[in-house]
Amino acid sequence: SFQTWFAPYAVVSYGIQLLPLTPIAEYRDDPEWAAELYPLYKESCEAAGDFCTDNGWSILQAGLLATTGSHEKAINQALQVPEKVFATDGGIGNSLSNTLWFIATRKPV
C-alpha cells in the first residue's frame, strides 16, 4: 500500500524521496535508479490526476526525468506546470527558475 500521512497517492510516497531539488540530489539520485523509478512515478502521477500537478508533484517528475538524461523533455514538462503552482504550497518550495536550473545541471547520461 502506497500512502502517506499527506495523501493516499503513490506519487506522494515516491515524490517525498526526491525532495529537495538541490545540488545534493546528484549524490542521492543515481541515473540508473532514476530510469527505473521514472515510469512508476509517471504512472502514479497520471493516476493521481489533477492532484499531481496542482500539488507540485509534477515538478519532481520533471527533475527525475532530467536525471535520466532527458533534459529537453524535462524542460518541456516543467514549462507545462501552471505558474500558480510554483507560487503556492504546491510548488513544494521550488520556483520555476530553480526547477529549470536543476534540469539544466543534471549530468548527461
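For the structure, see preceding data.
Since the structure is predicted, the reported quantities are computational estimates derived from the model, not experimental observations.

Before going further, it helps to examine the overall build of the protein chain. A tally of regular secondary structure across the protein chain gives eight helices and zero strands. Judged by the C-alpha coordinates and their principal axes, the protein chain covers about 35 × 30 × 20 Å. Counting all 109 residues of the protein chain, 40% fall into the buried class. Within the protein chain, counting contacts between residues at least 6 apart in sequence, those at least 24 apart form 62% of the total. Surface exposure of the protein chain reaches about 6300 Å², of which carbon and sulfur atoms provide 55%. For the protein chain, the centre of its 6 positive side-chain charges and the centre of its 12 negative side-chain charges are spaced 4 Å apart.

To continue, consider the state of the cysteines. Under the counting rule described, the total for this entry stands at one disulfide. A sulfur-sulfur distance of 1.6 Å marks the disulfide that ties C45 to C52. Between C45 and C52, the S-S dihedral sits near -95 degrees, and the bridge is therefore left-handed. The pair C45 / C52 is uniform in exposure class, with both members buried.

Within the span of helix α6 (residues 71-79), buried status applies to A74, Q77 and A78. Seen along its axis, α6 keeps its buried residues to an arc of 100 degrees; they face one direction. Seen from the open side of α6, the exposed residues pointing more than 90 degrees away from its buried face are E72, K73 and L79. Looking at the buried side of α6, the elements it contacts are α3 (31-48), α5 (57-67), α7 (83-86) and α8 (96-104).

Scoring rules and cut-offs
Residues numbered from 1 in each chain as written. Predicted model: local features only at pLDDT ≥ 70, side-chain atom pairs only at ≥ 80, totals over all residues. Heavy atoms only, no water. Helix = DSSP H or I, 4+ residues; strand = E, 2+ residues; numbered from the N terminus. Buried < 20%, exposed > 50% of the residue type's maximum accessible area, 1.4 Å probe, protein only. Contact = heavy atoms within 4.5 Å. Areas by Shrake-Rupley, 256 points an atom, 1.4 Å probe, with all protein chains shown as cover. Lys, Arg positive; Asp, Glu negative; His and termini not counted. Charge placed at Lys NZ, Arg CZ, Asp CG, Glu CD. Disulfide = S-S within 2.5 Å. Arc of directions from axis to C-beta.

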